[in-house]
Amino acid sequence: MAIADPSKRLQAIPPYKFQELEQQIAEKRAAGIDVISLGIGDPDQPTYPHVVKAMQEAVADPGCHQYPSNRGREEFRRALAEFYDRRFGVAIDPATEVIPAIGAKECIYNLCFAFLDPGDVALASDPGYPVYTGGPILAGAEAELLPLVPELGFAPDLTAVPADVAAKARLMFINYPNNPTGAVVPDGFFELVVSFAREHEILVVHDNAYSETTYDGYVAPSFLATPGAKEVGVEVFSLSKGYNMTGWRCAAILGNPEAIQTYWRLKTNVDSGLFEAVQMAGVAALEGPEGPLQRMNETYNRRRDLVVSALREIGVEVNAPKGTIYVWAPVPASHTSTSFCELVLEEAAVVISPGSMYGPSGEGFFRISLTTPDDRIEEAVERMREHLS
Ligand SMILES: Cc1ncc(COP(=O)(O)O)c(C=O)c1O
């Protein structure tokens, strides 16, 4: 074995897919090709000015310069609790039912280490955010894929989970509004999840990364608003997407106090908490005016309509998503996800992501991200129309 060889656990998961995509784009750009990337879901607009201002003030405050406590600043925990009450009608005890996370990604990954042992299973939406499968494998456990069934509104069929798998499952990852399908939670699904989790004693982790990015008057609920949810679950709330704060690493876990205590116990061993200035910026985001968020959603709505109508013009049957920053669409019949995305890259110099990147049930689909300025999206759809019609 060579000194830089990765561990068997690391070898067991494929390289993080977006990195391959970034490399492909860099190579094409280096060759002088004007590539438009609709691949990665990273908001193109800056963080809202009142949040930046709060950060500038907090950075200058020596009170924010030392190791943060992993419990989080009281101001941030209180702001999250008040936001959950106001926005979702969910009561959160700021002392025991919420702590900060250094991004939802960190939180999901560390939850795997906090709750999974070899032999345990985590149930993971397929297609889904890659950490739902990579996290359990890195923790030495297994990820069991739950296919999202289009006929069930991109929810998994919980009655199809084999009894022996349910018996070994300790965690279950779900996510609505959903990446990559753009689906919103079907009526009654959260209730089914609560009773399934109760029956099999599984901790539900609802990844609430996109609740603030919705269209057509749809208002996304919190999983924690479901009766009984707090007894079986936690929710990971991220400020990354709604507040254009992906680079800030600002998130939180809320819900079941015992589960949060276990996550805290793990975290105190592996990191030193979220920079307190970022927590204060998070307070400004949660307590600030709603105008910037509304305008951001209007922008995504406009881009969504542009993409959906261009795709329909070239014969792609696509539903307009009610939430998230993604359009999820079927590839033309003669293609696989990968062959279609390669064709679009070669012919139109537009990067879109193959659905298979998000799990085997994503095969046959592609994902377009709306996080590119309007003129570039217009140019991209124009190129696709020209080369693929
Ligand atoms: C479903 C989902 N969860 C979590 C994340 C990561 O969020 P954060 O930036 O808070 O780590 C993403 C980012 O794309 C996502 O799509």
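You'll find the structure just up there.
Residues numbered from 1 in each chain as written. Predicted model: local features only at pLDDT ≥ 70, side-chain atom pairs only at ≥ 80, totals over all residues. Heavy atoms only, no water.

Caption draft 1: Layout of the site of the ligand. For the ligand, the set of nearby residues contains 14 residues, the closest of which are Asp207, Tyr210, Ser240, Lys241 and Arg249. Tyr210 places a side-chain nitrogen or oxygen 2.6 Å from an oxygen atom of the ligand. When grouped by side-chain class, the residues that make up the shell around the ligand number five nonpolar, five polar and four charged. (Near = heavy atom within 4 Å. Polar contact = N/O pair within 3.5 Å; in protein donor to acceptor, adjacent residues only side chain to side chain. Nonpolar A, V, L, I, M, F, W, Y, C, P; charged D, E, K, R; others polar.)

Caption draft 2: Just the pattern of salt bridges, in detail. Taken as a whole, this structure holds 20 salt bridges when the rule is applied. Notably, a salt bridge pairs Glu75 with Arg73, separated by 3.0 Å at the nearest N-O pair. Between Arg304 and Asp216 there is a salt bridge, with the nearest N and O atoms lying 3.0 Å from each other. Taken together, the positions of Arg304 in helix α12 (residues 291-313) and Asp216 in the loop between β7 (203-208) and α9 (229-232) put the pair 88 residues apart, joining distant regions of the chain. Overall, Asp216 belongs to the exposed group, its relative accessible area being 51%. Three or more residues joined by partner-sharing salt bridges are found here, namely Asp34, Arg376, Glu379 and Arg383. (Salt bridge = Lys/Arg side-chain N within 4 Å of Asp/Glu carboxyl O. Helix = DSSP H or I, 4+ residues; strand = E, 2+ residues; numbered from the N terminus. Buried < 20%, exposed > 50% of the residue type's maximum accessible area, 1.4 Å probe, protein only.)

Caption draft 3: Main features of unusual backbone geometry. Cis geometry is found at the peptide bond from Asp126 to Pro127, where omega equals 5 degrees. Residue position: Pro127 is located in the loop between β3 (121-126) and α6 (131-138). Look at the link from Tyr176 to Pro177: it is a cis peptide, with omega at -10 degrees. With respect to the secondary-structure elements, Pro177 resides in the loop between β6 (169-174) and α8 (189-200). Of note in the backbone geometry, Glu201 takes a positive phi value of approximately 55 degrees without being a glycine. Summarising the element assignment, Glu201 is placed in the loop between α8 and β7. If you check the backbone angles, Asp216 has positive phi at about 60 degrees while not being a glycine.

Caption draft 4: Broad picture of the side chain of Thr47. Among the structural elements, Thr47 can be located in the loop between β1 (36-37) and α3 (49-59). Residue classification places Thr47 among the buried positions, given a relative accessible area of 12%. In this structure the side chain of Thr47 is engaged in a polar contact, spanning 2.6 Å, whose partner is the backbone oxygen of Asn244. Reaching out from Thr47, the side chain makes a polar contact with the side chain of Trp248 at a distance of 3.0 Å. The residues contacting Thr47, other than those within four sequence positions of it, are Val52, Tyr243, Asn244, Met245 and Trp248. (Contact = heavy atoms within 4.5 Å.)

Caption draft 5: How the structure looks around the sheet that holds strand β5 (residues 155-156). Spatially, eight strands are ordered β2-β9-β8-β7-β6-β3-β4-β5 in an open sheet, and the strand pairing comes out mixed. Sheet topology places β2 (98-101) and β5 at the edges, where each strand pairs with a single neighbour. Judged from the four bridges that link them, β2 and strand β9 (residues 251-255) form a sheet pairing that is antiparallel. Bridge pairing links Ile99 to Ile253 in β9. Sitting on the sheet, helix α5 (residues 104-115) touches β2, β6, β7, β8 (233-238) and β9, and the angle it makes with β6 is about 165 degrees. Sheet contacts for α6: β3, β4 (142-149), β6 and β7; angle to β4, the most-contacted strand, approximately 165 degrees. (Pairing = 2+ DSSP bridges. Axes fitted to C-alpha atoms, helices over the stretch in contact; angles between N-to-C directions.)

Caption draft 6: Main features of the packing of aromatic side chains. All chains considered together, the criterion is met by 17 aromatic pairs. Ring geometry for Trp328 versus Tyr358: centroids 6.4 Å apart, planes at 75 degrees, classification edge-to-face. Linking Trp328 in strand β10 (residues 326-330) with Tyr358 in the loop between β12 (353-354) and β13 (365-369), this pair joins segments that are 30 residues apart in sequence. The class for Tyr358 is buried, based on a relative accessible area of 4%. Connected via pairs of aromatic rings, a cluster forms that spans Phe83, Tyr84, Phe88 and Phe237. The side chain of Arg71 reaches across the aromatic face of Trp264, ending 4.2 Å from its centre. (Phe/Tyr/Trp six-rings, centres within 6.5 Å; stacked < 30°, edge-to-face > 60°. Lys NZ or Arg CZ within 6 Å of the ring centre and 35° of its normal.)

Caption draft 7: Quick look at α5. Its twelve residues place the ends of α5 16 Å apart at the C-alpha level, agreeing with the 16 Å of an ideal helix rising 1.5 Å per residue. For α5, the complete set of buried residues consists of Ala104, Glu106, Cys107, Ile108, Asn110, Leu111, Cys112 and Phe115. (Expected span 1.5 Å × (residues − 1).)

Caption draft 8: Inspection of the environment of Ser356 at higher detail. Here Ser356 is to be found in the loop between β12 and β13. Along the chain, Ser356 and Asp164 lie 192 residues apart, while their C-alpha atoms are 27 Å from each other. Contacts of Ser356, omitting those with residues within four sequence positions, involve Ser337, Thr338, Gly362 and Glu363.

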